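Here is how the chains run, residue by residue.
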Amino acid sequence: MAILLSGRGSNMLALAQRCAQGDLEAKICFVASDKKDAYGIMMAKSLGLKTLLLPYEEGKEQAEKVLNEKLQSDSVDWIVLAGFMRMLSPTFVGKYEKRIVNIHPSLLPSFPGTQAIKDAFEYGVKVTGVTVHLVDEKMDHGPILSQREVRICDEDTLESLEEKIHAIEHDLYWQTLKNLFAGRFKMKGRRMTIEGPY
Ligand code: GAR
């Protein structure tokens, strides 16, 4: 798999740890970012992972061309978005249909976007959570693979909610990818279901 990120990279780190422990049987071919100074890229380098800077300052087409070439040369099967705050073009998504996965810190379709935890907290919902889904051409949209709920208590602050959500993300993402990589998800109508023992 290739991991794409824009920020601090805690989900990338959690996945890298699960790969290293053998819980997730996958190889991280490279970690790519649109931001050269993303903390997640520094962390990936310190883990000895290959990194790639996507040149979005030269335009989306050029950035995706660079990404595409690297995906092809490394024979990557899966593209795993972990806090990647850019929309991939419909052409790119079409090329890698059902092979791009995203994690989002809300119960989609509620609160898509880049501020989902804050949006849910400020809205006053009592329950929010985490969603892992396949990526289509719309933002934070596509067939849902897994969701886990997080209750918002009266005592919660935005910071405590963020902590709870990230802890769930770090647990849910590798487990979902494990099932996905093993081919256990099947599409039934609009619903993705898991088949077989796991
Ligand atoms: C995560 O909470 C992830 O769900 C979110 O960005 C954060 C990245 O954190 N993604 C989105 O909001 C996608 N719309 P991390 O860099 O520490 O993994």
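Small disclaimer: the values here were computed from a predicted structure and weren't measured. (Residues numbered from 1 in each chain as written. Predicted model: local features only at pLDDT ≥ 70, side-chain atom pairs only at ≥ 80, totals over all residues. Heavy atoms only, no water.)

## Re the packing of helix α1 (residues 10–21) against helix α6 (residues 158–181)
Okay, step 1: The geometry of α1 relative to α6 is characterised by a closest axis approach of 9 Å and an angle of 55° between their N-to-C directions. The pairing of α1 with α6 is recorded here as oblique in orientation. Judged by the sense of rotation from one axis to the other, the crossing of α1 with α6 is right-handed. Residues Ser 10, Asn 11, Ala 14, Leu 15 and Arg 18 of α1 touch α6, and the partners they reach there are Glu 169, His 170, Asp 171, Tyr 173, Trp 174 and Leu 177.
Okay, step 2: Grouping the amino acids of the contact of α1 with α6 by side-chain chemistry returns 5 nonpolar, 3 polar and 3 charged. (Axes fitted to C-alpha atoms, helices over the stretch in contact; angles between N-to-C directions. Helix = DSSP H or I, 4+ residues; strand = E, 2+ residues; numbered from the N terminus. Parallel < 35°, antiparallel > 145°, perpendicular 65-115°, else oblique. Left-handed = near helix turned anticlockwise from the far one by under 90°. Contact = heavy atoms within 4.5 Å. Nonpolar A, V, L, I, M, F, W, Y, C, P; charged D, E, K, R; others polar.)

## Details of the environment of Gly 124
Okay, step 1: Mapped onto the elements of the fold, Gly 124 is located in the loop between α5 (116–123) and β6 (127–134).
Okay, step 2: Take Gly 124: its relative accessible area is 42%, and that puts it in the partly exposed class.
Okay, step 3: For the pair Gly 124 and Ile 152, spaced 28 residues apart in the sequence, the C-alpha separation amounts to 8.5 Å. (Buried < 20%, exposed > 50% of the residue type's maximum accessible area, 1.4 Å probe, protein only.)

## Structural notes on the pairing of β6
Okay, step 1: With respect to burial, β6 is a largely interior element, 7 of its 8 residues being buried.
Okay, step 2: The pairing of strand β5 (residues 100–104) with β6 spans 4 bridges and is antiparallel. Across the sheet, the residue bridging to His 104 is Thr 131, located in β6.
Okay, step 3: Bridge count for β6 against strand β7 (residues 144–151) is 7 bridges, and the pairing is antiparallel. The partner of His 133 across the bridge, within β7, is Ile 144. (Pairing = 2+ DSSP bridges.)

## Considering α1
Okay, step 1: With 12 residues, α1 extends 17 Å between its outermost C-alpha atoms, agreeing within 8% with the 16 Å of an ideal straight helix rising 1.5 Å per residue.
Okay, step 2: Buried residues of α1: Ser 10, Asn 11, Met 12, Ala 14, Leu 15, Ala 16 and Cys 19, and no others.
Okay, step 3: Once α1 ends, the next one or two residues include Gly 22, with phi positive near 85°. (Expected span 1.5 Å × (residues − 1).)

## A few points about the packing of α5 against α6
Okay, step 1: Interaxial distance between α5 and α6 falls to 10 Å at its minimum, and their mutual angle equals 130°. As the angle between them shows, α5 and α6 are arranged oblique. Two packed elements cross with a definite hand, and for α5 against α6 that hand is right-handed. Where α5 approaches α6, its residues Ile 117, Lys 118 and Phe 121 are matched on the opposing element by Leu 158, Leu 161, Glu 162, Ile 165 and His 166.
Okay, step 2: Partitioning the contact of α5 with α6 into residue classes produces 5 nonpolar, 1 polar and 2 charged.

## With respect to the site of the ligand
Okay, step 1: Residues in contact with the ligand amount to 13 residues; listed here are only the nearest, Arg 8, Gly 9, Ser 10, Asn 11 and Glu 169.
Okay, step 2: At 3.3 Å from a nitrogen atom of the ligand is found a main-chain nitrogen or oxygen belonging to Gly 113.
Okay, step 3: In this structure, an oxygen atom belonging to the ligand sits 2.3 Å away from a side-chain N or O atom of Glu 169.
Okay, step 4: When the free accessible area of the ligand is taken as 450 Å², the share hidden by the protein chains comes to 92%.
Okay, step 5: When residues of the shell around the ligand are traced back to their parent elements, those giving at least two are α1, β5 and α6.
Okay, step 6: Per-class residue counts for the shell around the ligand are 3 nonpolar, 7 polar and 3 charged. (Near = heavy atom within 4 Å. Polar contact = N/O pair within 3.5 Å; in protein donor to acceptor, adjacent residues only side chain to side chain. Areas by Shrake-Rupley, 256 points an atom, 1.4 Å probe, with all protein chains shown as cover.)

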